[in-house]
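Letter by letter, the chains look like this.
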Amino acid sequence: MQRIEPRPEAQASPSQGYSNGTEGANGRGQAPVPTGFASTGANPHTQSFEEIYGVPENFLEIEVIDPQTHQPTASPSSRYTTYLIRLSTNIPAFKLRRSEVRRRYSDFEVFRDLLERESARVSIPPLPGKVYLNRFDDAVIEERRRGLERFLRIVAGHPLLQTGSRVLGGFVQDPAWDRNSW
């Protein structure tokens, strides 16, 4: 990273990426105004509109949203919460550019175990802790949702897992993903 030292106004010059300190932006003697962005190369340059605001070469947006609690039978022990995983990317390792799938916490546990087994070179982050009391309380569900989202952003953003994991793409993109098929 290039270190930029502060300069007195008198030493600033257009060749250093600043407008002249005596004229300022409107010719009234204002302080130097940056005219471009510092680059890591030897010569600073002004970035174009496309460089600043264009679509990045690679992007990955992943969210864990919309928790829904289900109770398939009358038994209170059958209750569980699912979370919607929404992914948007242009990274070639993912088959779909946009996807949405629902997963429950136990699916995340199986997914994490599978990742640990298949990728010994990558440290897999922990999941948010298991909750036994008040697990269907809104605040508890929201805290877990944030923890699951943090976990997925780290895992899905890791370049070695993007290219080397057999289970990552399916977990975040395949609605028919079956934890028992691994």
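None of these values were measured; they are calculated from a predicted model.

(A) Structural view of the packing of aromatic side chains. As enumerated under the stated definition, the model contains five aromatic pairs in all. Ring plane angle 70 degrees and centroid distance 6.5 Å describe the contact between Phe108 and Phe151, whose orientation is recorded as edge-to-face. With Phe108 in helix α2 (residues 105–118) and Phe151 in helix α3 (residues 138–156), the pair connects residues that are 43 residues apart, well separated along the chain. Under the relative-accessibility criterion, Phe108 is labelled buried at 0%. A residue is classified by how much of its surface remains accessible, and Phe151, at 0% relative accessible area, is buried. With a centroid separation of 5.0 Å and 85 degrees between ring planes, the pair formed by Phe171 and Trp177 is classed as edge-to-face. A residue is classified by how much of its surface remains accessible, and Phe171, at 0% relative accessible area, is buried. For Trp177, a relative accessible area of 10% puts it in the buried group. Through a chain of ring-to-ring contacts, the aromatic side chains of Phe108, Phe111, Phe151, Phe171 and Trp177 assemble into a single cluster.

(B) Examining the pairing of strand β2 (residues 80–89) more closely. Most of β2 sits inside the fold, with eight of its 10 residues counted as buried. Here seven bridges tie β2 to strand β3 (residues 98–104), and the two strands are oriented antiparallel to one another. By the bridge assignment, Leu87 is partnered in β3 with Ser99.

(C) Quick peek at the environment of Phe59. Within the fold, Phe59 resides in the loop between α1 (49–53) and β1 (60–70). Measuring from C-alpha to C-alpha, the distance between Phe59 and Asn90 comes to 6.0 Å, with 31 residues separating the pair along the chain. Those residues in contact with Phe59 that lie beyond four places of it in its chain are Ser88, Thr89, Asn90 and Ile91.

(D) Structural detail: the pattern of salt bridges. Considering all chains together, one arrives at 11 salt bridges under this definition. Here Asp66 makes a salt bridge to Arg102, at a shortest N to O gap of 2.6 Å. Of this pair, Asp66 sits in strand β1 while Arg102 sits in strand β3, and the two are 36 residues apart along the sequence. By relative accessible area, which is 26% here, Arg102 ends up partly exposed. With a shortest N-O distance of 3.4 Å, Arg179 and Asp107 are connected by a salt bridge.

(E) Local environment of the side chain of Thr81. As for its placement among the helices and strands, Thr81 is situated in strand β2. On the basis of relative accessibility, which here comes to 9%, the residue Thr81 falls in the buried class. A distance of 3.1 Å separates polar atoms of two side chains, one belonging to Thr81 and the other to Thr69. In this structure Thr81 touches Pro67, Gln68, Thr69, Arg103, Arg104, Tyr105, Phe136 and Ile141, once residues within four positions along its chain are discounted.

(F) Just the nonpolar core, in detail. Formed by 28 residues in total, the largest nonpolar core has its most connected members in Ile85, Phe111, Leu152 and Val172. Listed by contribution, the elements that provide at least two residues to this core are β1, β2, α2, α3 and α5 (168–173). Here the element with the most residues in this core is α3; it accounts for six residues. Apart from the residues lying within four places of it in its own chain, the contact partners of Phe111 are Phe151, Leu152, Val155, Val167, Leu168, Phe171 and Trp177.

(G) Structural view of α2. Taking 1.5 Å of rise per residue, the 14 residues of α2 would be expected to cover 20 Å, and the 20 Å separating its terminal C-alpha atoms lies within 8% of that figure. Residues of α2 that are buried: Tyr105, Ser106, Asp107, Phe108, Phe111, Arg112, Leu114 and Leu115. In this fold, the buried residues of α2 make contact with β2, β3, α3, α4 (159–164) and α5.

(H) Here's a closer look at α3. Helix length check: α3, at 19 residues, gives a terminal C-alpha distance of 26 Å against a target of 27 Å (1.5 Å per residue), a fit within 8%. By the burial criterion, the buried members of α3 are Ile141, Arg144, Arg145, Gly147, Leu148, Glu149, Phe151, Leu152, Val155 and Ala156. On the buried face of α3, the contacting elements are β1, β2, α2, α4 and α5.

What counts as what
- Residues numbered from 1 in each chain as written.
- Predicted model: local features only at pLDDT ≥ 70, side-chain atom pairs only at ≥ 80, totals over all residues.
- Heavy atoms only, no water.
- Phe/Tyr/Trp six-rings, centres within 6.5 Å; stacked < 30°, edge-to-face > 60°.
- Helix = DSSP H or I, 4+ residues; strand = E, 2+ residues; numbered from the N terminus.
- Buried < 20%, exposed > 50% of the residue type's maximum accessible area, 1.4 Å probe, protein only.
- Pairing = 2+ DSSP bridges.
- Contact = heavy atoms within 4.5 Å.
- Salt bridge = Lys/Arg side-chain N within 4 Å of Asp/Glu carboxyl O.
- Polar contact = N/O pair within 3.5 Å; in protein donor to acceptor, adjacent residues only side chain to side chain.
- Core = buried A, V, L, I, M, F, W, Y, C linked by side-chain atoms within 4.5 Å.
- Expected span 1.5 Å × (residues − 1).

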